[in-house]
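# Analysis of the macromolecular model
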Amino acid sequence: MHCLDGLICVLAVSSGFDALNGSRLVAFNLGYLPGGDKTVITTAETTLLALEAAERIVVRGGLISIVVYVGHPGGRKELETVEAFAGRLSVDNWICCKFQMLNRPLAPLLVFLFKR
C-alpha cells in the first residue's frame, strides 16, 4: 500500500487490510505531512489501532518502523502511546528500540519494532 497522507494510512491499516498479511515492513510517519495541511494530524487513538493491526500482519523477521514527530499538538501523547505499545510486546518475540537526539528535544524520534 502506498499512502500520501499519514492519517489516511493509519486509518486504512487500522480498518483491517487482510491482503497485507505477511508484510515484512510496516512504516509509520506520525504527526502531519511535511508541507501539508498542519491541521490534519495523526492521533494517539488512531495510531494505537494501526499499531495493533501492524502487529498482526508483520511476519517473523519483519519490522515496524515508526517516525514520531513530537513538536505538534498531541505529539507527546502519541509518543507515549507508541512507547506503551512497544513496552507491552513480548521480549521473546520482539526487539524494540528507540532512537532520539538528546540535545534536540523536539526532533523526531525513530522507533523500530523487530519481530523475532
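Preceding this paragraph is the structure being described.
Structural notes, computed from the coordinates. (Residues numbered from 1 in each chain as written. Predicted model: local features only at pLDDT ≥ 70, side-chain atom pairs only at ≥ 80, totals over all residues. Heavy atoms only, no water.)

## With respect to the pattern of salt bridges
A complete count under the given rule lists two salt bridges for this structure. Of the charged contacts, one joins Lys 77 and Glu 45 as a salt bridge, the two residues approaching to 3.0 Å between their closest N and O atoms. Remark: Glu 45 occurs in helix H2 (residues 44-57) and Lys 77 occurs in helix H3 (residues 75-88); sequence separation between them is 32 residues. Looking at Lys 77, the relative accessible area reads 46%, which means it is partly exposed. Lys 98 is paired through a salt bridge with Glu 83; the nearest N and O atoms lie 2.6 Å apart. Here Lys 98, found in strand E3 (residues 94-99), pairs with Glu 83, found in helix H3; they are 15 residues apart in sequence, far enough to count as distant. On the basis of relative accessibility, which here comes to 40%, the residue Lys 98 falls in the partly exposed class. (Salt bridge = Lys/Arg side-chain N within 4 Å of Asp/Glu carboxyl O. Helix = DSSP H or I, 4+ residues; strand = E, 2+ residues; numbered from the N terminus. Buried < 20%, exposed > 50% of the residue type's maximum accessible area, 1.4 Å probe, protein only.)

## Considering the pairing of strand E4 (residues 109-115)
Two elements, strand E2 (residues 58-68) and E4, share six bridges in a ladder whose sense is antiparallel. Each bridged residue has a counterpart across the sheet, and for Ile 66 the counterpart in E4 is Val 111. With six bridges joining them, E3 and E4 adopt antiparallel strand pairing. Each residue of the ladder has a partner; that of Cys 97, found in E4, is Phe 112. (Pairing = 2+ DSSP bridges.)

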